[in-house]
Amino acid sequence: GESVGLHLPTLSVQEGDNSIINCAYSNSASDYFIWYKQESGKGPQFIIDIRSNMDKRQGQRVTVLLNKTVKHLSLQIAATQPGDSAVYFCAESRAGTALIFGKGTTLSVSS
Amino acid sequence: KAGVTQTPRYLIKTRGQQVTLSCSPISGHRSVSWYQQTPGQGLQFLFEYFSETQRNKGNFPGRFSGRQFSNSRSEMNVSTLELGDSALYLCASTSRGPSGANVLTFGAGSRLTVL
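Note that the structure is a prediction, hence the values are computed from the model and not measured.

**Q** I'm lost on the overall build of chain B in this one. Help?
**A** The number of helices and strands found in chain B is zero helices and eleven strands. Reading chain B from its N end, one meets helices and strands in the order β-β-β-β-β-β-β-β-β-β-β. Here the C-alpha coordinates of chain B stretch approximately 40 × 30 × 25 Å along the principal axes. With 115 residues in all, chain B has 51% of them scored as buried. Split by element, the accessible area of chain B, about 5400 Å² in all, is 47% carbon and sulfur. In chain B, 12 side chains carry a positive charge and 5 a negative one; their mean positions are 5 Å apart.

Next comes the structure, spelled out in structure tokens:
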């Protein structure tokens, strides 16, 4: 069936570098895309969302890019910090249905 | 504003037993969703409740059930536990995100181990 997936299960970066976490989706009917961060022992935490009619949205140190042509979503984290170490999930939202999550990418930040 | 509260945080059961997990959403939130998280399958949707009515249901067997009370608190029950039910069970309440999406705010989860 259709699902949201991620390109890489793990990503390791140095503190201060920019991180890019990628996600591929298959359903063109999704209305929104959302990024979540899950730290060890906690539930997923909302980072940023983007509507399907937008290409880019920026938050604090994070930017989400949406490429509908190739059905690709990415999360960019500027000046990555050790506190950014976590599992990152992309999710897609369609009206009337539950949020569908991808498998997750584990980001490890070394100082 | 208090977040989503889930109890118990950890529990151990044996095969064949049943378990009830509880969730209190953020005050004022009327929608509660439940997800199962495992290393192999990731986050999978169980069900969603809104104003005491099940609004959506995932692809889980009938052993998994839930309900919501008039104060929006929710419970989920798993009967005849199997080893594969070992997972982190997450509850979330819904609010509108900055772009308009329905954003889930999760609790810390209930870690169920089935022996």
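**Q** Where do I start with the pairing of strand β10 (residues 102-106) of chain B in this structure?
**A** Regular strands have side chains that alternate between both faces of the sheet. Two elements, strand β9 (residues 87-96) of chain B and β10(B), share five bridges in a ladder whose sense is antiparallel. In the strand pairing of β10(B), B:Ser93 is matched with B:Thr105.

**Q** Is there a simple way to explain the pattern of salt bridges in this structure?
**A** Side-chain pairing between opposite charges can occur once the charged atoms of the two side chains come close. All chains considered together, the criterion is met by ten salt bridges over all chains. For A:Glu92, the salt bridge identified is with A:Arg94, shortest N-O distance 3.3 Å. Take A:Glu92 and A:Arg94: they sit in the same class, and that class is buried. Across the pair B:Arg67 and B:Glu75 runs a salt bridge whose closest N-O atoms are separated by 3.2 Å. For B:Glu75, a relative accessible area of 16% gives the class buried.

**Q** How should I be thinking about the environment of B:Tyr89 in this particular structure?
**A** Residue and element names in this part refer to chain B. The residue Tyr 89 is located in strand β9 in this model. Measuring from C-alpha to C-alpha, the distance between Tyr 89 and Ser 65 comes to 13 Å, with 24 residues separating the pair along the chain. In contact with Tyr 89, other than residues within four places in its own chain, are Gln 6, Leu 21, Tyr 35, Gln 36, Leu 46, Phe 64, Met 76, Gly 109, Ser 110 and Leu 112. A polar contact of 2.6 Å, which involves the side chain of Tyr 89, links it to the backbone oxygen of Asp 85.

**Q** What exactly am I supposed to notice about the packing of aromatic side chains here?
**A** The relative placement of two aromatic rings is captured by the distance of their centres and the angle of their planes. A full pass over the atoms with the stated rule returns eleven aromatic pairs over all chains. Members of the aromatic cluster, joined through ring pairs, are A:Tyr36, A:Phe46, A:Phe89, A:Phe101, B:Tyr35, B:Phe45 and B:Phe106. Here B:Arg55 stacks its cationic end above the ring of B:Phe50, 4.5 Å away from the centre of that ring.

**Q** Sorry if this is basic, but what is going on with the environment of B:Leu88 here?
**A** Mapped onto the fold, B:Leu88 is located in strand β9. Looking at B:Leu88, the relative accessible area reads 8%, which means it is buried. Through-space distance from the C-alpha of B:Leu88 to that of B:Phe64 is 14 Å; in sequence the pair is 24 residues apart. Dropping the residues within four chain positions of it, B:Leu88 is found in contact with A:Gln38, B:Tyr35, B:Gln36, B:Gln37, B:Ala108, B:Gly109, B:Ser110 and B:Arg111.

**Q** Can you walk me through the interface of chain B and chain A in this structure?
**A** Put simply, an interface is often sized by how much accessible area is lost when its parts join up. Counting from both sides, the interface comprises 22 residues of chain B and, opposite them, 20 residues of chain A. Summed over both sides, the interface of chain B with chain A buries roughly 1500 Å², with 55% coming from carbon and sulfur. Of all residues in chain B, B:Leu43, B:Ser99 and B:Phe106 bury the most surface against chain A, accounting for 31% of the area lost on that side. At the surface where chain B touches chain A, the tally comes to zero salt bridges. In this structure, the connection of chain B to chain A is made through eight residue pairs in polar contact (both at pLDDT 80 or more).

**Q** Sorry, what's going on with the sheet that holds strand β3 (residues 19-24) of chain B here?
**A** Strand pairing within a sheet occurs via backbone hydrogen bonds; the two strands may be parallel or antiparallel. Residue and element names in this part refer to chain B. What the four strands build is an open sheet, ordered β1-β3-β8-β7; its pairing is antiparallel. Each of the sheet's edge strands pairs with one partner strand only, and the pair in question is β1 (5-7) and β7 (64-68). Averaged over all neighbouring strand pairs, the angle between strand axes comes to 15 degrees, with direction disregarded. Of the strand pairs in this sheet, β3 and strand β8 (residues 74-78) are connected by five bridges, and their pairing is antiparallel. When the bridges of β8 are listed, Leu 21 appears paired with Met 76.

**Q** I'm lost on the state of the cysteines in this one. Help?
**A** By definition, a disulfide links two cysteine residues through a covalent bond between their sulfur atoms. Residue and element names in this part refer to chain A. Scanning all chains against the criterion turns up two disulfides over all chains. Bridging Cys 23 to Cys 90, the disulfide has an S-S length of 1.9 Å. Linking Cys 23 and Cys 90, the disulfide has an S-S dihedral of approximately 55 degrees and is accordingly described as right-handed. Pair noted here: Cys 23 is in strand β3 (residues 19-25) and Cys 90 is in strand β9 (residues 86-93), with a separation of 67 residues, a long-range link. Look at Cys 90 and you get buried, because its relative accessible area is 0%.

Each value, and the rule that gives it
- Counting starts from 1 at the beginning of each chain's written sequence and moves along it residue by residue.
- To read the labels, note that chains go from A and ligands from 1, taken in the order they are written.
- Only residues with pLDDT of 70 or above have their local features reported here, since the model is predicted, and side-chain atom pairs are shown and tallied only from 80 upward, although totals for entire chains, interfaces and linings are computed over all residues.
- Only heavy atoms go into the side-chain values, all of them from the structure, while hydrogens and water stay out.
- The secondary structure listing takes helices from DSSP runs of H or I that are at least 4 residues long and strands from runs of E that are at least 2 residues long, numbered from the N terminus.
- Residue burial is assigned from relative accessible area. The probe radius is 1.4 Å, only protein chains are included, and a residue is buried under 20% of its type maximum, exposed over 50%, and partly exposed in between.
- Methods summary: accessible areas were calculated by the Shrake-Rupley approach with a probe of 1.4 Å, and residue burial reflects only the protein chains presented.
- Residues counted as positive are Lys and Arg, residues counted as negative are Asp and Glu, and His and the chain ends are not counted.
- Every charge is mapped to an atom, namely NZ of Lys, CZ of Arg, CG of Asp or CD of Glu.
- In this description, strands pair whenever DSSP reports at least two bridges between them.
- Criterion for a salt bridge: a side-chain nitrogen of Lys or Arg within 4 Å of a carboxyl oxygen of Asp or Glu.
- Any two residues having at least one pair of non-hydrogen atoms within 4.5 Å are treated as being in contact.
- Within 3.5 Å is the distance limit for a polar contact, defined as a pair of N or O atoms, with the added protein rule that one can donate a hydrogen and the other accept it, and that residues adjacent in sequence qualify only through two side-chain atoms.
- Centres within 6.5 Å are what make two rings of Phe, Tyr or Trp a pair, Trp counting through its six-membered ring; a difference in plane orientation under 30 degrees is then read as stacked, over 60 as edge-to-face, and the rest as tilted.
- Whether a charge lies above a ring is judged from NZ of Lys or CZ of Arg, which has to be within 6 Å of the ring centre and within 35 degrees of the ring normal.
- Two parts lose some accessible area (1.4 Å probe) when they are put together, and adding that loss for both gives the buried area.
- Only C-alpha atoms enter the line fits that serve as axes; for helices the fit covers just the stretch in contact. Angles between N-to-C directions range over 0 to 180 degrees.
- A pair of sulfur atoms, both from cysteines and within 2.5 Å, is called a disulfide here.

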